[in-house]
Amino acid sequence: MTAAGPQAGSLEELHTRPGHATVVGTLVRRGMIGLSVAFLAALLLAPLAVVFVSAFGNGVAAYLRAFADPDTQAAIRLTLLTALVVVPVNTVFGLAAAWSIAKFEFRGKSLLITLIDLPVAVSPVISGMLFVLLFGMRGWFGAWLAANGISIVFAIPGIMIATLFVTFPYVARELIPLMQQLGNDEEEAAITLGGGAWMTFFRVTLPKIRWGLLYGVILCNARAMGEFGAVSVVSGHIRGLTNTMPLAIEALYNDYDFTGAFAVASLLTLLALATLVLKSLVERTGYRRR
Amino acid sequence: MRDGQPTVLPGFGLTLGFTTFFLSAVVLLPLAALVLLAASTPLHQLLNAVASPRALASYELSFGGALLAACINLVFGFIIAWTLARYEFPGRRLMDAMIDMPFALPTAVSGIALTAVFSANGWLGRYLALAGIHVAYTRLGVVLAMTLIGMPFAVRTVQPALLEVQRDLEDAAETLGAGRWYVFRRVIVPAVLPAMLTGFTLAFARALGEYGSVIFISGNLPMKTEITPLLMVIHLEEFDYHGAAALGFVMLAASFVILLTINLLQAWGRDRMVRRRA
């Protein structure tokens, strides 16, 4: 290989090889690209486009009117509130879990990692159901909670706990491999030189892991705002009170208010697009998902 | 850190204590409640919930649909991963970024959007209807939603494996006179097979538990288009906690088996990788 020019085996280098553009090769290439584009267009692009087309189908005025509905506004507020509570809690948990797992050796570590990952392997309906079984009217603590006038299920605390459960691993699973890979040398140097524990964390560790942390927080937030199944089970669907944005979409849709349903859906679609853009930007800093 | 070497770093007790406490409170205690409730259900009631005709029909749809969706994703996941890993074309980066869309898009949104596209008067549904294919409110719609939701898993596991296939092996095979198809079968497929099976299993697991995107397009007819997660929700709404917990236990057991399979597949993949390199 010559010193200059594209790296051997890279996409650019392959295109310079003699015999690259055979008839069969070109046909296969076109076929593969065509199939990929067709599959993604039908399954991803068309649904994305239909959200906006349906939301604006009756004009911009009707679209904006959908957000004047007090129940829809309440749903937006509840979704924001839920994310505002759940994401920081899971971020703190993720940092603590990653610090203990990546920086120290102890028995049962791999079991702990598996258990942290558990919520993503469980059906969202089961995730919500767990808290109904615990705190619901006929659940373990149901009678006690009712006697003390505390409502968790069919109320906002239930929504928060269910969301906490489904987004539980997002920050931790991002930080654990990252911190394991980065090692402890700088932290050990900082501590040895007399830096305090918190100072070491904020001045040494946090800057090292900031992109991974941001990545995890972005994904955690997207799931927290968009969760449907688990929240649906615990919410009780009380309009204006316990409906989050995804639940409001369902309620409006079942009322045949398609403009309203797709208007709320368009906001969540924008959130998803923003999530993907941010994620790509973080990846461009050199932080890659393993 | 090397094994057994003491470290000067602080915070072990605090962070591990907080982690275990929080994990127990949020994840383990609730899961234990489910298992205990299912275990304490009288046997005839348990069988009623787990083996009723309606439950059996829902397993058939949930497991069968997820299996079919995972098969579709096995094929198209490979095609898309191949396209992204091997070809340069306008829009490649955009396509690459779009693959993660189903992760980021709330399931309720993909549910109503898919239904709108594939209903009898939708953009694509109207042409399929002309051909006599009805997607919305049929089992086919369930499979479609399950396919969408599992697609990123299939692509994202195969893509890095394809990038890692040692190009010199392919080149050597071609130099020695192997045709493209032969190289594909004997060099590329064996190298990415563990990744493909892992992606298949992940897509299957995700589709099996999926709720939000399926219930809008399925129509939810008992015995016909009712998935198991929906049946659990119906039990809960009737305050039949035992029935819901019993079904939940079946689903959890399935997830556990799947998780185990994934771990074994990944170990197998690493093993092969090491042996190939050696």
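Residues numbered from 1 in each chain as written. Chains lettered and ligands numbered in written order. Predicted model: local features only at pLDDT ≥ 70, side-chain atom pairs only at ≥ 80, totals over all residues. Heavy atoms only, no water.

Participant: Would you mind showing me how to read the overall build of chain A here?
Facilitator: For chain A, the count of helices and strands is 14 helices and zero strands. Secondary structure elements of chain A, listed N to C terminal, follow the sequence α-α-α-α-α-α-α-α-α-α-α-α-α-α. Its C-alpha atoms give chain A a radius of gyration of 24 Å, more than 25% over the compact-globule value 19 Å for 290 residues. Expressed along its principal axes, the backbone C-alpha trace of chain A runs to roughly 80 × 60 × 30 Å. Looking at chain A residue by residue over its 290 residues, the buried ones come to 53%. (Helix = DSSP H or I, 4+ residues; strand = E, 2+ residues; numbered from the N terminus. Rg over C-alpha atoms; globule rule 2.2 N^0.38 Å. Buried < 20%, exposed > 50% of the residue type's maximum accessible area, 1.4 Å probe, protein only.)

Participant: It is not clear to me how the interface of chain A and chain B should be interpreted in this structure. Could you clarify?
Facilitator: Reports of interface size often rely on the accessible area that becomes lost once the parts have come together. With 94 residues of chain A at the contact, the number on the chain B side is 86 residues. With both sides pooled, the region where chain A packs onto chain B buries about 8,100 Å², and carbon together with sulfur makes up 81% of that total. On inspection of chain A and its partner chain B, the count reaches one salt bridge. The salt bridge involving B:Asp100 is made with A:Lys279; its shortest N-O contact spans 2.6 Å. If you look at where chain A meets chain B, you find eight residue pairs in polar contact (both at pLDDT 80 or more). Considering each element in turn, the side of chain A that touches chain B owes the most residues, 21 residues, to helix α2 (residues 23-55) of chain A. Its residues placed into classes, the side of chain A that touches chain B shows 63 nonpolar, 20 polar and 11 charged. (Contact = heavy atoms within 4.5 Å. Buried area = accessible area lost by both parts, 1.4 Å probe. Salt bridge = Lys/Arg side-chain N within 4 Å of Asp/Glu carboxyl O. Polar contact = N/O pair within 3.5 Å; in protein donor to acceptor, adjacent residues only side chain to side chain. Nonpolar A, V, L, I, M, F, W, Y, C, P; charged D, E, K, R; others polar.)

Participant: Honestly, the nonpolar core in this entry has me stumped. Any pointers?
Facilitator: Soluble, globular proteins show a tendency: their nonpolar side chains are buried together. If you look at the biggest cluster of nonpolar residues, it comprises 169 residues, and the most contacted ones within it are A:Leu40, A:Ile116, A:Leu175 and B:Leu162. Each of domain 1 (1-40) and domain 2 (43-277) of chain B gives at least three residues to this core. Contacts of A:Leu40, omitting those with residues within four sequence positions, involve A:Leu45, B:Ile80, B:Met95, B:Met98, B:Ile99 and B:Met151. (Core = buried A, V, L, I, M, F, W, Y, C linked by side-chain atoms within 4.5 Å. Domains from an automatic or database assignment.)

Participant: I tried to follow a nonpolar patch on the surface on my own but got confused; where do I start?
Facilitator: On the surface, a cluster of nonpolar side chains totalling about 340 Å² of accessible area is made up of A:Leu81, A:Leu84, A:Val85 and A:Ile156. The dominant element in the nonpolar patch, judged by the number of residues it contributes, is helix α4 (residues 70-103) of chain A, at three residues. (Patch = residues over 30% accessible without salt bridge, like charges linked within 9 Å, V, L, I, M, F, W, Y side chains within 5 Å. Areas by Shrake-Rupley, 256 points an atom, 1.4 Å probe, with all protein chains shown as cover.)

Participant: Whenever I open this one, the confidence of the model for chain A confuses me. Can you help?
Facilitator: Note that predicted coordinates carrying low pLDDT should not be read in detail. Here chain A averages 91 in pLDDT, while 92% of its residues score no lower than 70. Confidence scores differ between elements of chain A, with helix α1 (residues 11-15) of chain A showing the lowest mean pLDDT of 68 and α4(A) the highest of 97. (pLDDT = per-residue confidence, 0-100.)

Participant: Mind showing me how you'd approach helix α10 (residues 185-192) of chain A here?
Facilitator: Residues and elements named next belong to chain A. Within α10, burial applies to Glu187, Ala190 and Ile191. Looking straight down α10, one finds that the buried residues subtend no more than 95° of arc, so they occupy a single side. Of the exposed residues in α10, those oriented more than 90 degrees away from the buried face are Asp185 and Thr192. The elements touched by buried residues of α10 are α4 and α11 (197-226). Backbone geometry just after α10 places glycine 194 at a positive phi near 100°. (Arc of directions from axis to C-beta.)

Participant: Honestly, empty space enclosed by the protein in this entry has me stumped. Any pointers?
Facilitator: Rolling a probe over the atoms, with the probe sized like a water molecule, indicates the empty space that remains. With the rule as written, the count across this model stands at three cavities of 30 Å³ or more. Along the walls of the largest cavity sit A:Leu43, A:Leu44, A:Pro47, A:Leu48, B:Met101, B:Pro102, B:Leu105, B:Ser110, B:Leu148 and B:Ile149, which together make up its complete lining. If you list the elements that add at least two residues to the lining of the largest cavity, you get α2 of chain A together with α5 (101-104) and α8 (139-164) of chain B. For the lining of the largest cavity, the leading source of residues is α2(A), giving four residues. (1 Å grid on protein atoms, 1.4 Å probe; cavity = no way out; pocket = protein on both sides within 12 Å on 5 of 7 lines; lining within 4 Å. Points joined across faces, edges and corners; volume = space filled by probe spheres on them.)

Participant: What is the right way to look at the domain arrangement of chain B in this model?
Facilitator: Residues and elements named next belong to chain B. For chain B, the assigned domains are domain 1 (1-40) and domain 2 (43-277). Taking only C-alpha atoms, the centre of domain 1 and the centre of domain 2 are 31 Å apart. Taken together, the contact between domain 1 and domain 2 spans six residues of the former and eight residues of the latter. Both sides together, the interface formed by domain 1 and domain 2 hides about 560 Å², and carbon and sulfur atoms give 86% of it. The interface formed by domain 1 and domain 2 holds zero residue pairs in polar contact (both at pLDDT 80 or more) in total. When its residues are assigned to classes, the side of domain 1 that touches domain 2 shows five nonpolar, one polar and no charged.

Participant: Just checking my understanding: could you explain the side chain of B:Thr225 for this structure?
Facilitator: All names here are of chain B. Locating threonine 225 in the fold gives a position in the loop between α11 (212-218) and α12 (228-237). Judged by its relative accessible area of 3%, threonine 225 is buried. Among the polar contacts made by the side chain of threonine 225, one reaches the main-chain carbonyl oxygen of serine 218 at a distance of 2.8 Å. For threonine 225, the side chain forms a polar contact with the main-chain nitrogen of asparagine 220, separated by 3.2 Å. With residues up to four places along the chain from it excluded, the contact list for threonine 225 reads Leu61, Tyr137, Thr138, Arg139, Ser218, Gly219 and Asn220.

Participant: Whenever I open this one, the pattern of salt bridges confuses me. Can you help?
Facilitator: Side chains that carry opposite charge are capable of pairing whenever their charged atoms lie near each other. Residues and elements named next belong to chain B. Counted by the stated rule, this structure contains 16 salt bridges over all chains. Between aspartate 100 and arginine 156 there is a salt bridge, and its shortest N-O distance comes to 3.2 Å. Of this pair, aspartate 100 sits in the loop between α4 (92-98) and α5 while arginine 156 is found in helix α8, placing the two residues 56 residues apart along the sequence.

Participant: For this particular structure, what's the right way to read the environment of B:Leu34?
Facilitator: Within the secondary structure, B:Leu34 is located in helix α1 (residues 12-39). Distance from B:Leu34 to B:Ala246, taken between C-alpha atoms, is 8.4 Å for residues 212 residues apart in sequence. Every residue in contact with B:Leu34, bar those within four places of it in the chain, is listed here: A:Ile126, A:Met129, A:Leu130, A:Leu133, B:Ala245, B:Gly248, B:Phe249 and B:Leu252.

Participant: Honestly, the packing of aromatic side chains in this entry has me stumped. Any pointers?
Facilitator: In this description, a pair of aromatic rings is defined by centroid distance and the angle of the planes. Following the criterion strictly, the structure yields 30 aromatic pairs over all chains and no others. Relative to A:Phe135, the ring of A:Phe131 has its centre 6.5 Å away and its plane inclined at 15°; by these criteria the two rings are stacked. Here A:Phe131 and its partner A:Phe135 are both found in helix α6 (residues 124-135), four residues apart, which amounts to about one turn of the helix. Ring centres of B:Phe18 and B:Phe22 lie 5.5 Å apart, and the angle between their planes is 15°; on these two criteria the pair is classed as stacked. With B:Phe18 and B:Phe22 both in helix α1 and four residues apart, the pair spans about one turn of that helix. The buried category is assigned to B:Phe22, whose relative accessible area is 12%. (Phe/Tyr/Trp six-rings, centres within 6.5 Å; stacked < 30°, edge-to-face > 60°.)

Participant: Can you help me understand the confidence of the model for chain B in this one?
Facilitator: Per-residue pLDDT for chain B has a mean of 90; in total, 97% of the residues score no lower than 70. The ipTM assigned to the predicted complex is 0.90, against a pTM of 0.91.

Participant: Is there a simple way to explain helix α5 (residues 109-121) of chain A in this structure?
Facilitator: At 3.6 residues per turn, the α-helix brings residues three or four places apart onto the same side. The terminal C-alpha atoms of α5(A) lie 19 Å apart, and with 13 residues this matches the ideal 18 Å at 1.5 Å per residue to within 8%. Three or more residues of α5(A) are buried, namely A:Lys109, A:Leu112, A:Ile116, A:Leu118 and A:Pro119. (Expected span 1.5 Å × (residues − 1).)

Participant: I tried to follow unusual backbone geometry on my own but got confused; where do I start?
Facilitator: The phi angle of most residues is negative, glycine excepted, and most peptide bonds adopt the trans form. If you check the backbone angles, A:His237 has positive phi at about 55° while not being a glycine. Exposure remark for A:His237: the relative accessible area of 31% places this residue in the partly exposed category. Positioned with a positive phi, B:Asn220 is a non-glycine residue whose angle comes to about 55°. Of note, B:Asn220 is situated in the loop between α11 and α12.

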